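# Chain and residue survey
Spelled out, the chains give:
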Amino acid sequence: MSKKDVIVLNSHGVGQYAYADHMPVWGETLCVTKWHVAEDGGKGSNVSVALGRLGIDTAYIGKVGNDPWGDLGEKWMQDAGVDTTYLYRTDEVSTGTGLILIGPDGQNTVIDGDSSSVKLTLDEVKAALDAMKGTRMFVTGFEVPEQLSLDAARYAKELGMVTLVNPSPLPEKPMGRLDYVDYLFINEVEGRYILDLPQDMLNKVQEKYGVPNIIMTMGGDGSAVLRGDEYWTVESVKVENVVNTAGAGDGYMAATVAQLILGKDLKEATHWASKYAALSVTIDGTIPAYRPMGEVEEFIKSLG
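Residues numbered from 1 in each chain as written. Predicted model: local features only at pLDDT ≥ 70, side-chain atom pairs only at ≥ 80, totals over all residues. Heavy atoms only, no water.

## Topic: the pairing of strand β10 (residues 183-187)
Most of β10 sits out of view: 4 of its 5 residues are buried. Note that strand β9 (residues 162-166) and β10 share 2 bridges and pair parallel. Pairing of valine 165 across the sheet is with leucine 184, part of β10. With 5 bridges joining them, β10 and strand β11 (residues 213-217) adopt parallel strand pairing. Directly across from leucine 184, in β11, lies its bridge partner isoleucine 214. (Buried < 20%, exposed > 50% of the residue type's maximum accessible area, 1.4 Å probe, protein only. Helix = DSSP H or I, 4+ residues; strand = E, 2+ residues; numbered from the N terminus. Pairing = 2+ DSSP bridges.)

Right, here's the structure in full:
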């Protein structure tokens with residue numbers, strides 16, 4: 001197995017949507033409309049697809065079931081040029097899926113299935129990392145069990161990879177020192193959960209965890225970055241035809257990683273990623289929203 005530009009370790013799942021005129025009660029058979037499988041992946045498949053479409057040589061590590069949802073994730077990633085050699089398939093679990101039930105006034109209830117990544121082992125992850133030794137960057141997050149994610153990041157760092165961690169969903173246990181992590185990506189919810197002021201928060205996170213580079217995405221408010229003792233903010237790009245903001249943070253992270261792989265400075269990379277994310281929110285679904293490099297560059301030119 002050859003080395004890659006980026007390895008992604010995180011979950012794959014598929015979202016389903018249906019519309020109802022009321023919430024069901026126990027024992028009720030509920031009729032719904034417009035039940036469909038959306039082109040929405042988990043954070044692992046999202047980031048992998050985004051990187052692949054940007055022309056980055058990407059490999060994915062994860063575990064899914066031998067079922068249609070697993071097939072769909074494998075197809076999405078392979079179609080984007082992602083190496084899925086270490087997308088482990090098993091009969092032990094079903095691929096993660098969620099049902100989003102939407103009411104008449106837009107309210108929703110989410111029925112979220114277990115992640116198939118709970119059956120992924122550290123030995124399996126290490127075997128994949130060993131096979132791709134020499135890879136430049138390793139990206140992971142907590143949609144796989146958080147301890148597995150952190151142990152894998154530590155091992156990737158030992159193999160000489162630049163490591164990036166997205167601690168989302170918020171960890172259930174203290175993470176301890178993260179001095180083996182080069183880049184920490186957190187979103188606005190996680191950031192505000194810790195502290196209200198972005199710069200103060202990033203300083204405190206850096207001090208507590210020992211991570212040199214911290215990037216916080218803040219949705220429509222842009223992003224904030226701390227590199228060593230250098231701090232800057234990136235304004236969001238305003239677009240009128242916002243369709244779906246789901247997956248924009250994953251796209252921003254992938255776009256930043258792609259620009260770093262292409263040799264850009266972190267400041268330039270985060271500004272480019274902000275424009276990439278702006279394009280993504282104008283397209284419905286997460287998987288369709290991650291556009292190839294040429295299309296992104298055309299969009300950026302159109303901004304003037």
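## Quick notes on the environment of leucine 99
Residue position: leucine 99 is located in strand β6 (residues 96-102). C-alpha of leucine 99 to C-alpha of valine 243: the two residues are 144 residues apart in sequence and 20 Å apart in space.

## Remarks on the UniProt feature "binding site: ATP" (unreviewed entry) in the chain
The positions UniProt marks with the feature "binding site: ATP" (unreviewed entry) are Asn187, Thr217, Met218, Gly219, Gly220, Asp221, Gly222, Gly249 and Asp250. Note that glycine 220 resides in the loop between β11 and β12 (223-227). As for its position among the elements, glycine 222 is in the loop between β11 and β12. Beyond its immediate sequence surroundings of up to four residues, glycine 222 is in contact with Met216, Thr217, Val234, Glu235 and Ser236. (UniProt positions renumbered as here; feature names shortened; annotations may be inferred. Contact = heavy atoms within 4.5 Å.)

## Quick word on unusual backbone geometry
Phi is mostly negative for residues that are not glycine, and the peptide bonds are mostly trans. Of note, the bond from serine 168 into proline 169 is cis; its omega dihedral lies within 30 degrees of zero at 0°. The topology assignment puts proline 169 in the loop between β9 and β10. Phi angles above zero are rare outside glycine, and lysine 34 is one such case at about 55°. Among the structural elements, lysine 34 can be located in strand β3 (residues 33-37). A residue is classified by how much of its surface remains accessible, and lysine 34, at 63% relative accessible area, is exposed.

## A short note on the UniProt feature "binding site: K(+)" (unreviewed entry) in the chain
According to UniProt, the feature "binding site: K(+)" (unreviewed entry) maps to Asn244, Ala246, Ser280, Ile283 and Gly285 in the numbering used here. Separation in sequence by 42 residues is not matched in space for these annotated residues, since their most distant C-alpha atoms are only 10.0 Å apart. Inspection of the secondary structure puts asparagine 244 in the loop between β13 (230-234) and α7 (248-261). Taking the relative accessible area as the measure of exposure, asparagine 244 reaches 16% and is therefore buried. Excluding residues that lie within four positions of it along the chain, asparagine 244 makes contacts with Ser280, Val281, Ile283, Asp284 and Gly285. Within the secondary structure, serine 280 sits in helix α8 (residues 266-280). We classify serine 280 as buried; its relative accessible area is 2%. When sequence neighbours within four positions are dropped, the list of residues in contact with serine 280 reads Asn244, Ala248 and Ala289.

## Re α7
For α7, which comprises 14 residues, the first-to-last C-alpha distance of 20 Å matches the rise-based estimate of 20 Å (1.5 Å per residue) to within 8%. In terms of burial, α7 is a largely internal element, 13 of the 14 residues being buried. Positive backbone phi, approximately 95°, marks glycine 263, located one or two places after α7. (Expected span 1.5 Å × (residues − 1).)

## Focus: the packing of aromatic side chains
Per the counting criterion, the structure on display carries 3 aromatic pairs. The side chain of lysine 34 reaches across the aromatic face of tyrosine 19, ending 5.6 Å from its centre. Taking NZ or CZ as reference, lysine 267 lies 4.9 Å from the ring centre of tryptophan 232, over its face. (Phe/Tyr/Trp six-rings, centres within 6.5 Å; stacked < 30°, edge-to-face > 60°. Lys NZ or Arg CZ within 6 Å of the ring centre and 35° of its normal.)

## Topic: the pattern of salt bridges
If you walk through the whole model with that rule in mind, you get 16 salt bridges. A salt bridge links lysine 63 to glutamate 124; its shortest N-O distance comes to 3.0 Å. Highlighted residues: lysine 63 in strand β4 (residues 58-65) and glutamate 124 in helix α3 (residues 122-131), separated in sequence by 61 residues. Ionic pairing is found between aspartate 265 and arginine 227, a salt bridge with its closest N-O pair at 2.8 Å. Pair noted here: aspartate 265 is in the loop between α7 and α8 and arginine 227 is in strand β12, with a separation of 38 residues, a long-range link. (Salt bridge = Lys/Arg side-chain N within 4 Å of Asp/Glu carboxyl O.)

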